[in-house]
Amino acid sequence: MATHSPLPRTLLLGGARSGKSTRAEQLLADRPDVLYVATGGTRDGDAEWAQRIELHRERRPASWRTAETCDLEAVLTDATDPAPVLIDCLALWLTSVMDECDAWDDRAWAQGGEAAVRRRCEALAAAWAATARTAVAVSNEVGMGVVPATAAGRRFRDTLGRLNMAVADASERVLLVVAGQVVTVKPAAA
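All values derive from a computational prediction rather than experimental measurement. (Residues numbered from 1 in each chain as written. Predicted model: local features only at pLDDT ≥ 70, side-chain atom pairs only at ≥ 80, totals over all residues. Heavy atoms only, no water.)

Okay, the sheet that holds strand E6 (residues 173-178) next. Within a beta sheet, neighbouring strands are joined by backbone hydrogen bonds and run either parallel or antiparallel to one another. If you trace the seven strands from one edge of the open sheet to the other, you get E3-E2-E4-E5-E1-E6-E7, paired in mixed fashion. Looking at which strands have only one partner, the edges of the open sheet turn out to be strand E3 (65-68) and strand E7 (181-186). Neighbour to neighbour, the strand axes of the sheet diverge by 20 degrees on average, direction disregarded. Alignment of strand E2 (residues 35-38) against strand E4 (residues 85-88), held across four bridges, turns out to be parallel. For Val37, the partnering residue across the bridge sits in E4 and is Ile87. (Pairing = 2+ DSSP bridges. Helix = DSSP H or I, 4+ residues; strand = E, 2+ residues; numbered from the N terminus. Axes fitted to C-alpha atoms, helices over the stretch in contact; angles between N-to-C directions.)

Helix length check: helix H5 (residues 106-130) (25 residues) gives 33 Å between terminal C-alpha atoms against 36 Å at 1.5 Å per residue, within 8%. The largest bend in H5 amounts to roughly 65 degrees and is located at Gly112. For H5, every residue scored as buried is listed here: Ala108, Trp109, Gly113, Ala116, Val117, Cys121, Leu124, Ala125, Ala127 and Trp128. The secondary structure elements touched by the buried residues of H5 are strand E1 (9-14), helix H3 (72-77), E4, helix H4 (90-100), strand E5 (135-140) and helix H6 (151-169). (Expected span 1.5 Å × (residues − 1). Bend = angle between axes of the 7 residues up to and from the residue. Buried < 20%, exposed > 50% of the residue type's maximum accessible area, 1.4 Å probe, protein only. Contact = heavy atoms within 4.5 Å.)

Before going further, it helps to examine the pattern of salt bridges. All told, the structure shown has seven salt bridges when counted by the stated rule. Put simply, Asp81 and Arg65 hold a salt bridge, and the shortest N to O gap is 3.0 Å. Here Asp81, found in the loop between H3 and E4, pairs with Arg65, found in strand E3; they are 16 residues apart in sequence, far enough to count as distant. A residue is classified by how much of its surface remains accessible, and Asp81, at 14% relative accessible area, is buried. For Arg120, the salt bridge identified is with Glu100, shortest N-O distance 2.8 Å. (Salt bridge = Lys/Arg side-chain N within 4 Å of Asp/Glu carboxyl O.)

What follows concerns the environment of Val177. On the secondary structure map, Val177 appears in strand E6. Along the chain, Val177 and Glu141 lie 36 residues apart, while their C-alpha atoms are 9.3 Å from each other. Discounting chain neighbours no more than four positions away, the residues touching Val177 are Leu12, Leu13, Gly14, Gly15, Ser18, Gly19, Lys20, Arg23 and Val182.

In this section: the pairing of E6. When you tally the buried positions in E6, you get five out of six residues, the bulk of the element. Sheet topology note: the E1/E6 ladder contains five bridges and is parallel. Residue pairing for E6: Leu13 is matched across the bridge by Leu176. With five bridges connecting them, E6 and E7 associate as antiparallel partners. Bridging from a neighbouring strand, Val174 pairs with Lys186 of E7. If you look at the hairpin formed by E6 and E7, you'll find two residues sitting between the two strands, and Ala179 has a positive phi there, around 50 degrees.

Mapped onto the elements, Arg162 comes out in helix H6. C-alpha of Arg162 to C-alpha of Arg118: the two residues are 44 residues apart in sequence and 9.5 Å apart in space.

Here we come to unusual backbone geometry. Omega for the bond connecting Asp88 with Cys89 falls within 30 degrees of zero, at 10 degrees, which places this linkage in the cis form. Phi angles above zero are rare outside glycine, and Arg17 is one such case at about 60 degrees. Among the structural elements, Arg17 can be located in the loop between E1 and helix H1 (20-27). What makes Arg17 exposed here is its relative accessible area of 63%. Non-glycine residue Asp102 carries a positive phi angle of around 50 degrees. By the element assignment, Asp102 lies in the loop between H4 and H5. Given the relative accessible area of 43%, Asp102 is considered partly exposed.

This is the structure in structure tokens:
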């Protein structure tokens, strides 16, 4: 896949291990200064997770900066940093938000967790729509998988699906990555 400059906002969707992160990095490969925003955090004692993180780091150009944060609204609205931003990924961001809001618990979800998560998703979608930065975001496509067996799993899938739709609506281009191959879902306007 040839590298080229992306439009202001591009969303890449795909399943687990589909190649979406690699393709997102390729979209910005010709840019010497990119802010790579890793939302996954660290997982103490998880050697496999640490290996995944290291493989991602090794793939990126040395000139790129990395920020490990889930404060995506601040990144997207930062007018002092003109560098393109690559967010990897929205699913891990949502996991963090649901952790913060105790939204995995049925009772907490019903007693304000749902509203809190919705507000965070709306704020992120608004920041994405308003950003002046070139921005590429990666997210898991959850609409093609099995129906999760638990209420918490269905909450996550449904919420990520709605977040993906909101971000896609505000994106100039949406790409789907399947087995490393890119399919254009929403082409850039000519």
